[in-house]
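Chain by chain, the residues run as shown.
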Amino acid sequence: MLPSPSSSPAHVLEHITNVPPRKPLRQAPLKFFPTPPNEKKPKRQAQLLASDSPRKRIKLSQEYIASESDEYGSSSDEYLEEDSEDEDVFFAGPSARPAQPTHRANHRVTSMYNRPASFLVPSFGQLSTRPLLQSFVSSSKADVFKCESIQPDRYLTPPYACSYSHGAKQGQKSHLAVANEEGTVHIFDTSKRRDWDPEPQRSTLQPHQNGVFEVKWDETDSRIATCSGDKSARITDVKTGTITHALQGHSSTIKCVTWDPNHQKLLATGSRDGTICLWDLRTSERHGDSELHLAQPVRMIHGAHQEPQLKGKGRARKGLSAPPGITSLLYPDALTYGLVSSGSADGILKYWDLRCLESTKKSRGAKPKPPPVLLSSPIDPTTLQGSRRARGILSLAAGSGPTAGLIFGLGADSNIHCYSLPSLEPQTSRQYSHPNLKASSFYVTLSVSTCGRWLASGGTSTDGRAFLFDVEASRSSGNSPSPTAVQLSSQRGEIGAVDWAQDALATCADDGTVRIWRPDVEVYRGCVEMPEKKRWDWAWGS
């Protein structure tokens, strides 16, 4: 006889019917806490929601599920909820570890996660990247660009300066501006191409009729600023080739120019006359009916690197020497309202607070006085290598990424000196040099790679050598860097200007050519294995 519905066991049919139970099911006491009671409090919930760490759900062990299934009379499949792809779970149950660790385990886990990130992530700072620098190669067909002369009786002209656009440093179109001694600026597209592909169309600008010593892109890559031996600096529209602004105020050759990274209308220039001029393009005046605007400096720093004259009782000497020229300028990221300058007489760097400068409008008969220097290098690093006299700084380059807070200066003593920001104190234990690195010309420049790890330098040796240094590895190790550097040699004459894109390096030589170097391990291995065969098509480092 079948049992009547009233006498049927309710707990057997409840899981297969949609009739609600008459009374609550009996629950066995839990042997673990899936969610700690403290996490139900509002304060604890807010902390959990604000946390970015991944949530970890609890996975029940097989032994515990089996015991619960026997007690409740249901299969283990109803309680087993696991994701085959999720391996980062906790086990709970009688056969697993306790849900609450012991005090010693808590201390060990807490101390591990409170350690710096370098403990959890492998550190590669001390690994040298010299083998990667050695793999830089240059194709003799696709990576060579010629600076053609505008004169009918000349073929090539030596390049004086080069600069990659900001887009090229960010991995976009590789536009390289190259200025030469005839006042011409060529805009090359140095994107990687095959040997049989023709050179992309270049743009040629003529902002000056004299040698251009430096060229810089603005932040939008729509204009370039150039400084020349004609005692002027000019702003040129890259797309139209029109000169929009002419900056006049120096009494000698302008050696350097730089844009203010925080203001598109502000820039600074340094001249051989020892003066630093600050320009605001908003104060320029239109010249006649043309699109040319003439500008005068809004601030001037006279004798920026001239030593103060001591007042003596005797008669003032006649024929005092001219103030040292300004060789390089840069706006450091660590000092927002400042400008760092270097001079041709010594290795002292100076920092000028641009908010404290006086106007250039002086009364008649009043002699201009240089503003007080906010910061200056306490010692001259060029006098610490046994030199009898100080040597000037030829070029400055600011570090970035792992070398942020550092300034590298190429000295006329053929050493690359390192300065710390914001004190501008030289790091005497960190100097970069090479037996073949000679720097006796103000045309030689420095450049730091976009990753901040590598430093490139030109040289005045006549065999066309450029030098690459791994500056990040030596900083991480804390030891003095090795003088060994990677040499790139394939051009003739001096290597003056150098500059980095995101994946390439440009070097300019006196033979009128610009070479592009790129890392390629496979090509480099082939060049090392078969140098006689590859030397006609490739150039590589050593």
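Everything numeric here is computed off the predicted structure, so don't read it as measured data.

1. Topic: the sheet that holds strand β17 (residues 293-295)
Turning to step 1, where the next piece is worked out: Ordered by their spatial adjacency, 6 strands build an open sheet running β9-β10-β11-β12-β17-β16, and the pairing between neighbours is mixed. With partners counted over all chains shown, the strands left at the sheet margins are β9 (212-217) and β16 (285-286), one partner each.

2. Focus on the side chain of Thr 507
Turning to step 1, where the next piece is worked out: Examined against the element boundaries, Thr 507 turns out to sit in strand β32 (residues 505-509).
Turning to step 2, where the next piece is worked out: Of the residues examined, Thr 507 reaches a relative accessible area of 1% and is grouped as buried.
Turning to step 3, where the next piece is worked out: Here the side chain of Thr 507 touches Trp 517 through a polar contact of 3.1 Å, side chain to side chain.
Turning to step 4, where the next piece is worked out: In this structure, Thr 507 is in contact with Ala 466, Gln 491, Ile 495, Ala 497, Val 498, Thr 513, Val 514, Arg 515 and Trp 517, ignoring residues within four places of it in sequence.

3. Quick word on the UniProt feature "repeat: WD" (unreviewed entry) in the chain
Turning to step 1, where the next piece is worked out: In this numbering, the UniProt entry assigns the feature "repeat: WD" (unreviewed entry) to residues 205-246, 247-289 and 488-517.
Turning to step 2, where the next piece is worked out: Split by type, residues 488-517 is 0% helix and 60% strand. Its first and last C-alpha atoms lie 9 Å apart.

4. Structural notes on the packing of aromatic side chains
Turning to step 1, where the next piece is worked out: Per the stated rule, a full pass over the model turns up 9 aromatic pairs.
Turning to step 2, where the next piece is worked out: Seen from their ring centres, Phe 145 and Phe 188 are 5.2 Å apart, and the 45 degrees between their planes marks the pair as tilted. You can see Phe 145 sitting in strand β4 (residues 144-146) and its partner Phe 188 sitting in strand β7 (residues 185-189), a full 43 residues away along the chain.
Turning to step 3, where the next piece is worked out: Where Phe 408 meets Tyr 432, the ring centres are 6.3 Å apart and the plane angle is 65 degrees; that geometry is what we call edge-to-face. Taken together, the residues span a long stretch of sequence, with Phe 408 in strand β24 (residues 406-411) and Tyr 432 in strand β26 (residues 425-432) at a distance of 24 residues. With respect to class, Phe 408 is no different from Tyr 432; both count as buried.
Turning to step 4, where the next piece is worked out: Through a chain of ring-to-ring contacts, the aromatic side chains of Phe 136, Trp 454 and Trp 500 assemble into a single cluster.
Turning to step 5, where the next piece is worked out: Over the face of the ring belonging to Phe 213 we find Lys 255, whose NZ or CZ atom lies 4.4 Å from the ring centre.
Turning to step 6, where the next piece is worked out: If you follow Lys 255 out to its NZ or CZ, it ends over the ring of Tyr 443, 5.6 Å from the centre.

5. A look at the environment of Arg 465
Turning to step 1, where the next piece is worked out: Here Arg 465 shows up in strand β29 (residues 465-470).
Turning to step 2, where the next piece is worked out: For the pair Arg 465 and Ser 490, spaced 25 residues apart in sequence, the C-alpha separation works out to 7.4 Å.
Turning to step 3, where the next piece is worked out: Only 2.4 Å separates the side chain of Arg 465 from the side chain of Asp 463, close enough to count as a polar contact.
Turning to step 4, where the next piece is worked out: Side-chain polar atoms of Arg 465 contact the side chain of Gln 487, separated by 2.7 Å.

6. Let's talk about the sheet that holds strand β18 (residues 299-301)
Turning to step 1, where the next piece is worked out: Spatially, β13-β14-β15-β18 is the arrangement adopted by the 4 strands of the open sheet, whose pairing is antiparallel. At either margin of the open sheet sits one strand with a lone partner, and together these are β13 (254-259) and β18. Within the sheet, the average angular offset between the axes of one strand and its neighbour, ignoring direction, is 20 degrees.
Turning to step 2, where the next piece is worked out: As paired strands, strand β14 (residues 266-271) and strand β15 (residues 276-280) are joined by 5 bridges and run antiparallel to one another. Bridging from a neighbouring strand, Leu 267 pairs with Trp 279 of β15.

Calculation criteria
- Residues numbered from 1 in each chain as written.
- Predicted model: local features only at pLDDT ≥ 70, side-chain atom pairs only at ≥ 80, totals over all residues.
- Heavy atoms only, no water.
- Pairing = 2+ DSSP bridges.
- Helix = DSSP H or I, 4+ residues; strand = E, 2+ residues; numbered from the N terminus.
- Buried < 20%, exposed > 50% of the residue type's maximum accessible area, 1.4 Å probe, protein only.
- Polar contact = N/O pair within 3.5 Å; in protein donor to acceptor, adjacent residues only side chain to side chain.
- Contact = heavy atoms within 4.5 Å.
- UniProt positions renumbered as here; feature names shortened; annotations may be inferred.
- Phe/Tyr/Trp six-rings, centres within 6.5 Å; stacked < 30°, edge-to-face > 60°.
- Lys NZ or Arg CZ within 6 Å of the ring centre and 35° of its normal.
- Axes fitted to C-alpha atoms, helices over the stretch in contact; angles between N-to-C directions.

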